[in-house]
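Notes for the structure review
Spelled out, the chains give:
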Amino acid sequence: MHFDPHPVEKIVVRTRGLRKLIARPVFKRSEAEPGIIVSCGSLPEQHVLQMQRTFGERPLTVHLQRPKVEGYDLCFVSRHDWTPELAERPNYHSVVGVPHRVTQRVLAPLRDKARLRYAPNNEKVAVIFVGGTNGAYAYDDRALNELSNVIHKLVEQHWRVLVSTSRRSSPQTLQALLELRNPMVEVWDRTGHNPFLDYMAAADAFLIGKDSITMPCEALVTGKPVYALELTHIPGDRVTKFERFHHDLQDVLKLTRPFRDEIADYDYVPLDETGRIVKTISAALAANRA
């Protein structure tokens, strides 16, 4: 969107057996030559580099994680996936978390209307974002009970609480949260307009389940306090990776904090990793044209 308001989008799915033989190509030679190709995930990698070769290596190729194959012009790797040897490669750049579309420019025009709706008496608004069991953390009975306790504590401290689940949240998680609704607690029931951005615009603070990497990165563009909610750990490499991410945010970068019964203001420089990525890509495009 930063380079073209109407980008061409390609979805790559894994195919096997006969379907792999008859599958339509992701890219066609008849398509217009792109100036830039941006990909994420391992499935598009070979397709992207093949398309670059088709157009004489001219399109700038960008990958938004550590690729499994060589050949990309620019790679942006999350700090929790970064390894020391990548620092020696000028086309590799570390980023905090993952890029996304939420910016202060998006949220600012929504704030007045959102505050009027969710905090008409200028109440303090705490927004809770909930995900789902993901192989690293579980939303089991213990985690849901703790989440209920968190919400009750916030209400006792006179916070207005807005809760939104994600596509990964189970029906059981949603139902447990819906049972907590009261005049001080709103839980989106997944019907009608998704209030995600309105909740963000109204927020004075965020509390986010540790199963998400994207949602804390989105909240950190606001400059508001962002607290991590502990969940039940599922032993294994996956939870180790997530814990490395949260350690980086909390203990190294001092951007987030673990929630320990109360919310306090603290200062940090709001994140704009997407903007930083855009500047790096723009500089590379300018160099290509020179």
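Structure: see above.
Conventions adopted
- Residues numbered from 1 in each chain as written.
- Predicted model: local features only at pLDDT ≥ 70, side-chain atom pairs only at ≥ 80, totals over all residues.
- Heavy atoms only, no water.
- Pairing = 2+ DSSP bridges.
- Helix = DSSP H or I, 4+ residues; strand = E, 2+ residues; numbered from the N terminus.
- Buried < 20%, exposed > 50% of the residue type's maximum accessible area, 1.4 Å probe, protein only.
- Arc of directions from axis to C-beta.
- Contact = heavy atoms within 4.5 Å.
- Phe/Tyr/Trp six-rings, centres within 6.5 Å; stacked < 30°, edge-to-face > 60°.

1. Let's talk about the sheet that holds strand 10 (residues 226-229)
- The strand order across the open sheet built from six strands is 8-7-5-9-10-12, with neighbouring strands paired in parallel fashion. In this open sheet, the two strands that pair with only one neighbour each are strand 8 (185-187) and strand 12 (257-258).
- When strand 5 (residues 124-130) meets strand 9 (residues 205-209), the two strands line up parallel, connected through four bridges. By the bridge assignment for strand 9, valine 127 is matched with phenylalanine 206.

2. Some details on helix 4 (residues 111-118)
- The complete set of buried residues in helix 4 reads Ala114, Arg115 and Tyr118. Projection of helix 4 onto a plane perpendicular to its axis shows the buried side chains occupying an angular sector of 100 degrees, all on one side. Residues of helix 4 that are exposed and point more than 90 degrees away from the buried face comprise Asp112, Lys113, Leu116 and Arg117.
- Check the buried side of helix 4 and you find it contacts strand 5, strand 7 (159-165), strand 8 and helix 7 (196-202).

3. Some thoughts on the side chain of glutamine 250
- Position of glutamine 250 relative to the elements: it lies in helix 9 (residues 237-252).
- The class of glutamine 250 is buried, set by a relative accessible area of 14%.
- Aside from chain neighbours lying at most four places away, what touches glutamine 250 is Ala228, Thr256, Arg257 and Pro258.

4. A few points about the packing of aromatic side chains
- Enumeration according to the criterion identifies seven aromatic pairs in this entry.
- Aromatic pair tyrosine 137 and phenylalanine 242: ring centres 5.8 Å apart, planes at 90 degrees, arrangement edge-to-face. In this pair, tyrosine 137 is assigned in strand 6 (residues 137-138) and phenylalanine 242 in helix 9, connecting sequence segments 105 residues apart.
- The exposure class of phenylalanine 242 is buried, given its relative accessible area of 7%.

Remember, this is a structural readout, not a statement about activity or role.
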